Amino acid sequence: MTASAIQARETSASLPRDRSAALGRLKFWDAGFRFMTFGAASLVLVLLLGVAISLFIGAWPAFQRFGLDFLISDSWSPPKERFGAAAAIYGTVVTSIIAMVIGVPVGLGIAVFLTELCPPIFRRPIGVAIELLAGIPSIIYGIWGVYYLKPFMQAYVQPFLIGTLGAIPGVGALFGGPPLGYGVLTAGLVLAVMILPFVTAISRDVFETVPSVLKEAAYGVGATTFEVVGSIVIPYTRVGVVGGVMLALGRALGETMAVTFVIGNATKVSTSILSQGTTISAMIANQFADADPGLFTSSLLALGFILFIITFIVLALARWMLARLDVKAGR
Amino acid sequence: MANLYPGRKRRNAIWIALAWAATAFGLGWLVLILGALLWKGFGGLSIDVFTKMTAPPGVAGGLLNSIVGSLIQTLLGLVISAPLGILAGTFLAEYGRYTRFAAIVRFINDILLSAPSIVVGLFVYEFCVVPFGHFSGLAGGIALAVISTPIIVRTTEDMLRLVPNPLREAASALGMPRSLVIQQVAYRAVRAGLITGVLLAIARMTGETAPLIFTALGNSLFTADPTQPMSSLPLIIYEFARSPYAEQQKLAWTGALIVTAAVLGMSVLARVLSSRGAGK
């Protein structure tokens, strides 16, 4: 702003009349700046409302046509104008579950390593390296997944799973079918690596809020490192860890590009996690360009609206839990 | 009494080994991905990449239009998100710090911070593409702005909260109005922090792909006109990586290397700046 100009005018103002004029200008700019910051803050609220409202309006024709059936039906046939979200929702949930099952324990393991076990010299470099993993754009995970992970899964991991777990009755249904490389499991694995840094970063931060006195007391009565982590650190930070895990879940649910590359994009519900599938976001990314305006586009927007609602709930819960921990820590 | 000690020791050793293994697993992925990028992408780096347009299969091409498109859209996004984010962050930290309104904005901003980018893309499609009837680089820039604003809001607020109150009080005691206290004292004290936020936002925008599919669409020709559909590096990677032609795949990897180098470079720079700022 013109702060220096105002100052210059102020010093040159020798007459009382100029002085009050300068003061008036200052007051005007002061109120103006305050109003601008308030406007910008309000715009953040408007943005979220805008996202919700515009998606709902766009999705309305599809909701009106299919009603609740949209959520339950798994048929997706543009020529017949039959659209249902079940296959996409199913794929989103299954890939996210796989990602959480792999990513959360590993992320927590790294956080424990960084806070309790790591020699202090390596603490910072390893922490930064894990955070770099979070910085890699999702499209890079996608291209890497197609060229390296997919052939590896096809040649080694999937035949192994089919040969061992696939032969067990019951559980075997999860690992049936030919080893295609593409599929729900591959997508879940890529997602696991993508959410891992988020789990690690937040768990590490909340682990550091544990008062040293508590840990020292436990070590003092002879507890092992594992017992300190299991009985002191994790119970103390439970809410924060769950919050971080939910935040990671929010990421996994909405992740698009990496999943689109490796999931195979087949609109069907299948029991086997080795088979090709789709997720809400992959479906939107993959089909939007070909969609005719009208019911097809509207159905894709409806998928987007569902994704928005699901992630909003998950993220709101996550933030609420993390905020509770902040209060507890007196921050 | 049974001796519990060996069992406890064994369990401890197993869990410690698992934590080491988890760390090795995480770092292993980083090495594998970066290694693949360098291996596949470095060979394709040449002058052509930066001077020639993307071409149909069979014709030697580069990535010039995509690189320029990425730069223009990121710049557009930044021009919108940087002032907006810094002003909103200023409100949260300075004027409305303890108000209920600020608490709500903070909460919503945190949700926008991790909202799926594809949803933002759909919103901008409904909001900027449908009314005008065609895809455009401007819509892409707006989508990137929506994605990056929450990052700048968050870092600005966090940084301004670090400014010691006596500094503000001293300035006020000299008769400075509140807006000048913020601009001349608080912003200056946290300049490195504000730049960090902007760098993180640029890094995020550089790698973003999903929202551009429905807003900028991509363009095989060179254009600097933001009202036209525009190419960008992530979009061309998305297209070429799935192409059956070897030369396009090679360009996809080279583009991936450029994007990753830019993103990680800016993240590291932001980290260095913020740690120096915190050291003061």
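Here the structure is shown first, and the text comes after it.
This report concerns the structure included in the present document. Computed from a prediction, not measured in an experiment: that's the story for all the values here. Every chain's residues receive numbers from 1 upward, in the order its sequence appears when written. A letter from A marks each chain and a number from 1 marks each ligand, given out in the order of writing. Where totals are concerned, whole chains, interfaces and linings use all residues; where local detail is concerned, this predicted model gives features only for residues with pLDDT of at least 70, and gives and counts side-chain atom pairs only at 80 or more. As a rule here, side-chain values cover all heavy atoms of the structure and leave hydrogens and water aside.

Some points on the overall build of chain B
- The way it works is that DSSP assigns letters per residue, a run of H or I at least four long becomes a helix, a run of E at least two long becomes a strand, and they are numbered from the N terminus. Broken down by element type, chain B carries 12 helices and zero strands.
- When the helices and strands of chain B are listed from N to C terminus, the series reads α-α-α-α-α-α-α-α-α-α-α-α.
- Within these notes, the globule rule equals 2.2 Å times the number of residues to the 0.38 power, and the radius of gyration is based on C-alpha atoms. The C-alpha radius of gyration of chain B comes to 24 Å, more than 25% above the 19 Å expected for a compact globule of 280 residues.
- Structurally, chain B occupies a C-alpha span of about 75 × 70 × 35 Å along its principal axes.
- The cut-offs for exposure are 20% and 50% of the maximum accessible area for each residue type, with area from a 1.4 Å probe on protein chains only; residues under the lower value are buried, those over the upper are exposed, and the others partly exposed. Residues classed as buried in chain B amount to 54% of the 280 residues present.
- Restricting to contacts in chain B with at least 6 residues of sequence separation, those with at least 24 account for 74%.
- Each accessible area is a Shrake-Rupley result for a 1.4 Å probe, and residues are judged covered by the shown protein chains and nothing else. Carbon and sulfur atoms make up 69% of the accessible area of chain B, which amounts to about 12,400 Å² in all.
- Each charge sign in chain B was given a centre, from 21 positive and 11 negative side chains, and these centres are 15 Å apart. Residue contacts follow a heavy-atom distance rule, with two residues in contact if any of their heavy atoms lie within 4.5 Å. A positive count includes Lys and Arg, and a negative count includes Asp and Glu. His and the chain ends are not counted in either. A single reference atom marks each charge: NZ on Lys, CZ on Arg, CG on Asp, CD on Glu.

Some points on the side chain of T200(A)
- Checked against the element boundaries, T200(A) lands in helix 7 (residues 184–207).
- Those residues in contact with T200(A) that lie beyond four places of it in its chain are G107(A), I110(A), A111(A), L114(A) and I130(A).

A look at the interface of chain A and chain B
- Taken together, the contact pairs 80 residues of chain A with 78 residues of chain B.
- Of the roughly 7,500 Å² buried at the junction of chain A and chain B (both faces included), carbon and sulfur atoms supply 79%.
- Basic side-chain nitrogens of Lys or Arg form a salt bridge, by our definition, when they fall within 4 Å of a carboxyl oxygen of Asp or Glu. Our count for the contact surface shared by chain A and chain B stands at two salt bridges.
- R8(B) is paired through a salt bridge with E227(A); the nearest N and O atoms lie 2.8 Å apart.
- Polar contacts here mean pairs of N or O atoms no more than 3.5 Å apart (in protein, one a potential hydrogen donor and the other a potential acceptor; neighbouring residues in sequence count only if both atoms are side-chain atoms). If you look at where chain A meets chain B, you find nine residue pairs in polar contact (both at pLDDT 80 or more). Reported buried area values correspond to the accessible surface (1.4 Å probe) lost by two parts on association, with both partners' losses combined.

Considering unusual backbone geometry
All names here are of chain A.
- Located in the positive-phi region is E81, a residue other than glycine, with phi close to 55°.
- Within the secondary structure, E81 is located in the loop between strand 1 (76–77) and strand 2 (82–83).
- Among the residues examined, E81 registers a relative accessible area of 35% and is labelled partly exposed.
- Positive phi, close to 50°, is recorded for N265, a residue that is not glycine.
- Inspection of the secondary structure puts N265 in the loop between helix 11 (257–262) and helix 12 (280–287).
- The partly exposed category is assigned to N265, whose relative accessible area is 26%.

What about a nonpolar patch on the surface?
- Put simply, a patch holds well-exposed residues, over 30% relative accessible area, that have no salt bridge, with like charges counted together within 9 Å and Val, Leu, Ile, Met, Phe, Trp or Tyr side chains within 5 Å. Taken together, the side chains of I309(A), I313(A), L317(A), W320(A) and F107(B) make up a nonpolar region of the molecular surface, amounting to roughly 450 Å² of accessible area.
- In terms of residue count, the dominant contributor to the nonpolar patch is helix 13 (residues 295–328) of chain A (four residues).
- By the secondary structure assignment, F107(B) is in helix 4 (residues 100–113).
- The partly exposed category is assigned to F107(B), whose relative accessible area is 31%.

What about the pattern of salt bridges?
Residue and element names in this part refer to chain B.
- Enumeration according to the criterion identifies 14 salt bridges over all chains in this entry.
- The shortest N-O distance in the salt bridge between R154 and D110 comes to 2.8 Å. Of the two residues, R154 is situated in helix 6 (residues 137–161) and D110 in helix 4; the sequence distance between them amounts to 44 residues.
- With a shortest N-O distance of 3.5 Å, D158 and R154 are connected by a salt bridge. On the criterion of helical spacing, the pair formed by D158 and R154 is a turn pair, its members being four residues apart in helix 6.
- The class of R154 is partly exposed, set by a relative accessible area of 29%.

A few points about the nonpolar core
- For our purposes a nonpolar core is just a set of buried Ala, Val, Leu, Ile, Met, Phe, Trp, Tyr and Cys residues, chained together by side-chain atoms within 4.5 Å. With 175 residues, the main nonpolar core has F70(A), Y141(A) and L303(A) as its most contacted residues.
- The biggest single contributor to this core is helix 13 of chain A, with 16 residues.
- If we skip the residues at most four places from it in the chain, F70(A) touches F63(A), F83(A), G84(A), A85(A), A86(A), S299(A), A302(A), L303(A) and I306(A).
- Counting 11 residues, the second-largest nonpolar core is a separate cluster that includes V106(A), F113(A), L117(A) and A19(B).

Examining helix 12 of chain A
- Helix 12 of chain A sits mainly inside the fold: seven of its eight residues count as buried.
- Within the span of helix 12 of chain A, buried status applies to I280(A), S281(A), A282(A), M283(A), I284(A), A285(A) and Q287(A).

Quick notes on the packing of helix 3 (residues 64–95) of chain B against helix 9 (residues 191–207) of chain B
Residues and elements named next belong to chain B.
- One can describe the packing of helix 3 onto helix 9 by two numbers: an axis separation of 10 Å at closest approach and a directional angle of 140°. Judged on the interaxial angle alone, helix 9 and helix 3 are oblique. Crossing of helix 3 over helix 9 shows right-handed handedness. Only V198, I202 and M205 of helix 9 make contact with helix 3, whose side of the interface consists of T74, G77 and L78.
- In the scheme used here, Gly and all other residues not listed as nonpolar or charged are polar, with Ala, Val, Leu, Ile, Met, Phe, Trp, Tyr, Cys and Pro taken as nonpolar and Asp, Glu, Lys and Arg as charged. Across the contact of helix 3 with helix 9, the residue classes tally to four nonpolar, two polar and no charged. Lines fitted to C-alpha atoms define the axes, with helix axes restricted to the stretch in contact, and inter-axis angles between N-to-C directions lie between 0 and 180 degrees. Oblique is the label for any angle not covered by the other classes, which are roughly parallel (under 35 degrees), roughly antiparallel (over 145) and roughly perpendicular (65 to 115). Here is the rule for handedness: rotate from the far helix to the near one, and if that takes an anticlockwise turn smaller than a right angle the crossing is left-handed, while a clockwise turn gives right-handed.

Read these as spatial facts, not as claims about activity.
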